[in-house]
Amino acid sequence: MNTKLKEVAIVFFRLGCFAFGGPAAHIAMMEEEVVTKRKWMTRSYFLDLIGTTNLIPGPNSTEMTMHCGYERAGKKGLFVAGLAFIFPAIIITAILAYFYVKYGDLPKVKPFVIGIKPAVLAIIASAVIKLGKKAVKTIELTVIGVLVLVASLLGVNEVFALLTAGVLGMLYFYLKERKVNSLNSIMPFFWCLVLVLLF
C-alpha cells in the first residue's frame with residue numbers, strides 16, 4: 001500500500017472510530033482533517049464536494065469520505081476511505097447488538113450522549129462558520145443561500161430547494177456574464193421566480 005493510501009486509511013479509520021454526532025459532525029471533522037490540518041484540498045473545493053454530495057442519494061458523510069479518498073489517492077483511495085470509515089461503525093453496532101440480544105438492554109449510554117452534545121455542536125458551528133465565509137462570496141449568492149435556508153425551514157424538500165437554487169443561480173450568472181443590457185429590467189421577474197419556485 002502506498003503512502004497516500006495508508007494516510008487515507010489511517011485518517012478515515014480514526015474518524016470512523018470517533019466521529020459521533022451524525023453526518024453534519026462527521027463532515028465538520030473531515031473538514032478539519034483534510035482541509036485545515038492536511039491541506040489535501042482547498043476549503044472552496046471541499047464546499048463544492050458538500051454541494052455535490054447533497055444531490056446524491058445516500059449517507060452524506062460516507063459519500064464525502066469517499067470523495068476525499070478519491071481526491072487524495074485516486075480510485076483505490078475511494079474504496080479504502082469508504083471501508084476504513086464504515087468498518088468501525090459495523091464493529092461498534094455488532095457489539096451493541098450482541099449486548100442487546102444477550103441482556104435485553106443496551107449499556108447505559110445516556111450520560112455519554114449528554115456529555116458529547118455540546119462538543120458536537122461546537123464542531124458543527126466551527127465548520128459552518130469557516131465554510132460559510134468561503135461560500136458567501138457575493139450578495140447574489142447570499143440571497144440565494146438565505147432563500148434556500150428559509151425554504152428548508154418551512155418544509156420544502158431540501159433536494160428540490162438545492163436543485164432549484166442551482167438552476168436559478170446558473171441562469172442568473174449566465175445572464176450576468178453575457179452582460180445582457182436588459183439584466184436590470186428582468187431582475188424583479190428573476191427574484192419573483194426564485195420565490196415562487198422555492199415556496
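So, a few notes on the structure that sits alongside this text. The numbers attached to residues start from 1 for each chain and follow its sequence in the written order. Reporting of local features is limited, given that this is a predicted model, to residues whose pLDDT is at least 70; pairs of side-chain atoms are given and counted only at 80 or more, and all residues count toward the totals for whole chains, interfaces and linings. Side-chain figures throughout are based on the complete set of non-hydrogen atoms in the structure, without hydrogens or water.

1. Description of the nonpolar core
Basically, it comes down to this: Here, nonpolar core means buried Ala, Val, Leu, Ile, Met, Phe, Trp, Tyr and Cys residues that are tied together by side-chain atoms lying within 4.5 Å of each other. Each residue is assigned to one of three classes by its accessible area relative to the maximum for its type, calculated with a 1.4 Å probe on protein chains only: buried under 20%, partly exposed between the two thresholds, exposed over 50%. Only DSSP runs of H or I covering at least 4 residues are called helices, and only runs of E covering at least 2 are called strands; the numbering of each starts at the N terminus. Here, residues are in contact when the closest pair of their heavy atoms is within 4.5 Å.
Grouped together as the largest cluster of nonpolar side chains are 23 residues, with contacts concentrated most on Phe 12, Leu 15, Met 30, Val 34, Phe 46, Met 64 and Cys 68. Of all elements in the fold, only α1 (3-18), α2 (23-37), α3 (43-54) and α4 (60-103) reach the threshold of two or more residues within this core. Every residue in contact with Leu 15, bar those within four places of it in the chain, is listed here: Met 29, Met 30, Glu 33 and Phe 85. Residues Ile 144, Val 148, Val 156 and Ala 161 belong to the second largest nonpolar core, which totals 6 residues.

2. Quick notes on the side chain of Glu 33
Under the convention used in this document: In protein, a polar contact requires one atom able to donate a hydrogen and another able to accept it; more generally it is a pair of N or O atoms within 3.5 Å, and residues adjacent in sequence count only if both atoms are side-chain atoms.
Along the polypeptide, Glu 33 turns up in helix α2. Polar side-chain contacts of Glu 33 include one of 3.2 Å to the side chain of Arg 14. Excluding residues within four positions of it along the chain, Glu 33 makes contact with Val 11, Arg 14, Leu 15 and Arg 38.

3. Overview of α1
Cut-off, in case you're wondering: In this analysis, the expected span of each helix is defined as 1.5 Å times one less than the number of residues it contains.
For α1, spanning 16 residues, the distance from its first C-alpha to its last is 23 Å, which sits close to the expected 22 Å at 1.5 Å a residue. Within α1, burial applies to Leu 5, Val 8, Ala 9, Val 11, Phe 12, Leu 15 and Gly 16. With a side-chain oxygen lying 3.1 Å from the backbone nitrogen of Lys 4, the N-terminal cap of α1 falls on Asn 2.

4. Observations concerning the packing of α2 against α3
For any two helices packed against each other, the geometry comes down to the angle between their axes and how far apart the axes lie. Cut-off, in case you're wondering: Only the contacting stretch of a helix is used when fitting its axis, a line to C-alpha atoms as for every element, and angles between N-to-C directions run 0 to 180 degrees. Note: crossing handedness is left-handed where the near helix turns anticlockwise from the far helix by less than a right angle, and right-handed where it turns clockwise. Throughout, the ten residues Ala, Val, Leu, Ile, Met, Phe, Trp, Tyr, Cys and Pro are labelled nonpolar, Asp, Glu, Lys and Arg are labelled charged, and all others, Gly among them, are labelled polar.
Direction vectors running N to C along α2 and α3 enclose 145 degrees, while the axes themselves pass 10 Å from each other. When you trace α2 past α3, the crossing you get is right-handed. The residues of α3 that touch α2, namely those facing Ile 27, Met 30, Glu 31, Val 34, Val 35 and Thr 36, are Arg 43, Phe 46 and Ile 50. In terms of residue class, the contact of α2 with α3 is made up of 6 nonpolar, 1 polar and 2 charged.

5. Section: the side chain of Glu 63
This is how the line gets drawn: Neither His nor the chain ends contribute to the count of charged residues, in which Lys and Arg are positive and Asp and Glu negative. When a carboxyl oxygen of Asp or Glu lies within 4 Å of a side-chain nitrogen of Lys or Arg, that pair is called a salt bridge.
You can see Glu 63 is positioned in helix α4. Buried within the structure, Glu 63 lacks any salt-bridge partner; Lys 75 is the closest side chain of opposite charge, at an N-O distance of 19 Å. Here Glu 63 is in contact with Thr 53, Ile 56, Pro 57 and Gly 58, once residues within four sequence places are set aside.

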